[in-house]
Structures are given as structure tokens and as C-alpha cells.
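# What the coordinates show
Single-letter residue listing:
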Amino acid sequence: MPSATAVPQAARLRGLKPDWLNNPKVWRTEVLAGLVVALALIPEAISFSIIAGVDPAVGLFASFTMAVVISIVGGRRAMISAATGAIALVVAPLNREHGLDYLVAAVILAGVFQVALGALGVAKLMRFIPRSVMVGFVNALAILIFMAQVPEMTDVPWPVYPLIIGGLALMVFFPKVTTVIPAPLVSIVILTVITVGAAIAVPTVGDKGALPSSLPTPGLPDVPFTTDTLTTIAPYAFAMALVGLMESLMTAKLVDEITDTHSNKTRESVGQGIANIVTGFFGGMGGCAMIGQTMINVKVSGARTRMSTFLAGAFLMVLCIVFGPIVSDIPMAALVAVMIMVSFATFDWHSIAPRTLKRMPAGEIAVMVITVACVVATHNLAIGVVVGSITAMVIFAKRVAHLAEVTAVTDPDGTTVVYRVTGELFFASSNDLVGQFDYAGDPKQVVVDLSAAHIWDASSVAALDAIETKYAQRGKSVEIIGLNDPSAHLHNKLSGELEASH
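Now for a look at the structure at hand.

Definitions and cut-offs
Sequence order as written defines residue numbering, which begins from 1 separately in each chain. Given that the model is predicted, a residue must reach a pLDDT of at least 70 before its local features are reported, and side-chain atom pairs must reach 80 or more before they are shown or counted; all residues, however, enter totals for whole chains, interfaces and linings. With hydrogens and water stripped out, all remaining heavy atoms of the structure feed into the side-chain values. Each Phe, Tyr or Trp ring (for Trp, its six-membered ring) is paired with any other whose centre lies within 6.5 Å, and the angle between the two planes then decides the class: stacked below 30 degrees, edge-to-face above 60, tilted in between. Only protein chains enter the accessibility calculation, which uses a 1.4 Å probe. A residue is then buried if its area is under 20% of the maximum for its type, exposed if over 50%, and partly exposed in between. A helix here means a DSSP run of H or I that spans at least four residues, while a strand means a run of E at least two residues long, and both kinds are numbered starting from the N terminus. Cation placement over rings: the criterion is NZ of Lys or CZ of Arg within 6 Å of the ring centroid and within 35° of the ring normal. Two residue types count as positive, namely Lys and Arg, and two as negative, namely Asp and Glu; His and chain ends fall outside the count. Each reported salt bridge corresponds to a side-chain nitrogen of Lys or Arg within 4 Å of a carboxyl oxygen of Asp or Glu. Any two strands with at least two DSSP bridges between them are considered paired. Pairs of cysteine sulfur atoms within 2.5 Å are what we label disulfides.

## Considering the packing of aromatic side chains
Tallied over the full model, the rule gives 8 aromatic pairs. Both rings, one in Phe-344 and one in Trp-349, keep their centres 5.2 Å apart while their planes meet at 45 degrees; by these two values the pair is tilted. Of the residues examined, Trp-349 reaches a relative accessible area of 45% and is grouped as partly exposed. Where Tyr-419 meets Phe-437, the ring centres are 4.4 Å apart and the plane angle is 50 degrees; that geometry is what we call tilted. Pair noted here: Tyr-419 is in strand β4 (residues 416-425) and Phe-437 is in the loop between β4 and β5 (445-455), with a separation of 18 residues, a long-range link. Summarising the burial analysis for this pair, Tyr-419 and Phe-437 share the class buried. Counting every residue linked through ring pairs, the aromatic cluster contains Tyr-419, Phe-437, Tyr-439 and Tyr-471. One residue, Lys-470, lies across the ring of Tyr-439, its end atom 5.9 Å from the ring centre.

Put into C-alpha cells, the structure is as follows:
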């Protein structure tokens, strides 16, 4: 008989384990999802290595270490981090001019920057990204995923096209038969068997580059530890840190919405930094969250836990080292079909439906279109998000600027006029405030009632000072009433100190 204390202890230990560890169905989903993602990561990592100008093994090692580490330290379950095109574009000039060791040093420094930015709360800035920018980000991403497949469908043998169509058909109709095995995995296996069995000559994964034959080994980059080295790599490292965090946090927010769950963005920011530091010590090219592979994992395969992310990285190395010859025979057409399906599933079709566009404010449609255009034009998601957010803020400021209204009521005896100001007073709305008073025609006593307004900045205080000055020049007095506590504090602090600005 177990002791009375042993039973509660066993119960406590069971309580520490996630529920899904005892669910075979979840295990199967996570394992198969990880396998599908690993297969999709191989050609992507090789392609990004080519963009960065490094050996394919550098990109594959980065994808392995990023996925494994982020599965442990990241803040968003089931999200995939690996080598990405955005990071490759940032570090390519550094590798071209100074070599791989400088690139690896930059990856480590970028990780340090990300840990610091995460600790400082950079993730909180996500609240300032409007929904229209988020929709534009998602749609642009879907377009980029599709555009990345176009070279694989150009100037290729004709059997590639029926293979892609067959792969798409399998992914559409196989789930109607069963969802036990992910349709993308079925598609990849069947198309590989067909091309190998029938000896069909089409581009394969092996044509992209040689797969590594051994695990990466840790080490330090061979660079001089001097101020010159730091000044050389710091700009690239900081750019990589910002781009990586922005893509990762945007992807985490998207997965939050898809899964209807919350994630720890600060932990994710710090986790991305730790993953890049580890990746640098193992000679990888660095990375961040991958939206395409994350969509395969979460939306197509139905994964929801850290296991799928960990296994994606683990399977990646197993496939390369143990099953390299078999993986090399996978036709690119099979992976192209998977990514086209991901592109279709990622795009927010509701956002461009005529019914939606009729109801949506013109400003929000413009922000979405500008975000998409910037991302597609630059192939940089970070630039699109920044430009889209700035555009949204300008439109918002312009809209809010017109909400500040001034109405005047003169006392029956004609000795006092009361101006009631309603709305938010900030740099945009306060510019028009000064011109809404009748300085010459008003009586000697002027009251400005701000009980229905709020002062947000120095521009508004300067505008109120200017109003008082203009009345004083005509021998009239102004009394400002109704200030709420924050507005009164700001007004008392700055009033009379801003003459030089007007």
C-alpha cells in the first residue's frame, strides 16, 4: 500500500505535466506536424543560405538550433523559428564584405541586443500596431510566400506542373478521408514515390545544395575582439535584432488570434535573443519566427504545443544526417504545392471581400494597401509594418484633430463670453484652436471652459498661452476653468514657459 504522503506527491507531479502529454492524439498531431515542418524547412533554409552567400549547412544549422532553443525559451507555443529570408537579406552584405566569422559574430551580438530590448519591454510596442496593418502584414506575407514559389515553376520540365496540381488536390481532398495524418505529409510522400518510382526527371531538394552529414559543433567566431570589429558588426546586428523581433512578435500575435490563446511577448523577445546567441555559437546564420512554416504547423497541421517546434528542429537534423539521400530525392514540386496551400490559407480573403470593403473606412483600407505594397516592393516585412503604422497614425491624428470643437456663449449683460472647448487637444488639433476666438469683438471678460477637453502636449499649452496673449494685447482678461488633474498639472508646469514657440 502506498503511503498517504506518496499519493498527493504523485498527484502533484502529474499536475506539473501538461495535459497533452497523456493524450496520444495530441502526440500524433505534434510529431507529424514537426515532420512536415522539417521537410519544408530544408529547401527554405538552403535558399536563405544562398541569399546570405553562405554554405547551405550554415542555414540548416541555424534552423536546427533556432527551433530547438526557442521551443524551450520562447513565449509562443507551436511557433516555428528558423533561418529566414529577412535575416539573410540583412546579413548578406556583411558576409560579402567581411566573411562568415563576422556574420556569426553579428548573430551573437544581435541576440544580445534582442535580450536587452526584450527586457526593456519592446514587446509592449505591439499595442500600437493597428489591425489594418496586421491584416496588411498577413496578406503581404501570403503574397511573398507565393512569389517565392514562382522561380520553382519557371523554366522547369513540364512534369513539374501536373505534380504541383496533384499535390494541391491531395491536400484539398485527403482531409475529407482522414485527418489522422497531415495532408502535406501525404502529398510529399506520394509525389516522392511517384517521381522516384517512375524515374521522372524534375528538380529535387538535392539540387538546392548538399545536406550536412554531421551535427554542428560549438565554437567562437574567429574575429579580433576589438572596437573596430564591434563598430563593423554592430549596425548589422542591431538591424537584425529589430527585424527579427518585429517579424517574431507579429507572427506571435497572428498565432494568438488563430489559436485564440495568449502568449508572453516579452518572453518571446528574450527567447529570440537567446536562440540567436546559441545559433551564433554553433556557427549558424541566425533567424527569427517563420510565418510560412508556422502556418504549416499551426493552421494546416493543427499543432498547439512546444513539442512540434522542438521536433521540427530535431527532425531537420535527423533527415539531413540519417536520411539525406532520401530527402534529396523529394521533388521540389511537392514542397511548392505545400507552400502554395500555405499561401492560400494565410491570406485574409474576408479583408478584400466587396461587402467588407464597402463597410471599411477608407483610411483603414489605405493603410492595409500601403502595408501590402511596401512589403511586396521591398520584400521586408519590417519596413511594411513601420510604414503602415506611421500611415495609420497620421490618418488617426488627422481624424482626431477635427474632433476639437469650440462653442461660444455670451452673458445677457454682454460683459462675459464663455468658450466651451470639447475634444482632445494635441499638436494637430491645437493648431486650429487659436483661430476660433473673436479677439477684437469679445467683451472684457473671457472664460475658456476645458471641462470637456483634455490637454495632451506642450503644443496645446502653447496654443492656450497664445490665446491669453492675444486677448491681453487688447486689454482683455482670460480665465481658464474646468481642467482635469492631468491637464492642470501639464498646464501649470508649462504655461508661460513657451513664449518662444509662438
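## With respect to the side chain of Glu-247
By secondary structure assignment, the location of Glu-247 is in helix α9 (residues 227-259). Salt bridges are absent for the buried Glu-247, whose nearest opposite-charge side chain, Lys-253, sits at 16 Å.

## Points about the pattern of salt bridges
Enumeration over the complete set of coordinates arrives at 4 salt bridges. Close ionic contact of Lys-265 with Asp-256 constitutes a salt bridge, the shortest N to O distance being 2.4 Å. Using a relative accessible area of 11% as the deciding quantity, one classes Asp-256 as buried. Residue Asp-449 pairs with Arg-420 through a salt bridge whose shortest N-O separation is 3.2 Å.

## Here's the deal with the pairing of β4
Successive residues of a regular strand alternate their side chains across the two faces of the sheet. With 6 bridges joining them, strand β3 (residues 405-410) and β4 adopt antiparallel strand pairing. For Val-409, the partnering residue across the bridge sits in β4 and is Val-418. Linkage of β3 to β4, two consecutive antiparallel strands, is achieved through a turn of 5 residues, within which Gly-414 is found at a positive phi near 75 degrees. Here β4 pairs with β5 via 9 bridges, running parallel. Counterpart to Glu-424 in the pairing with β5 is His-454.

## Focus on the state of the cysteines
As enumerated under the stated definition, the model contains 0 disulfides in all. Counting only cysteine sulfurs, Cys-288 is the nearest neighbor of Cys-320, a cysteine outside any disulfide, at a range of 20 Å. Take Cys-320: its relative accessible area is 3%, and that puts it in the buried class. Cysteine Cys-374 remains unbridged, with the sulfur of Cys-288 as its closest cysteine sulfur at 19 Å.

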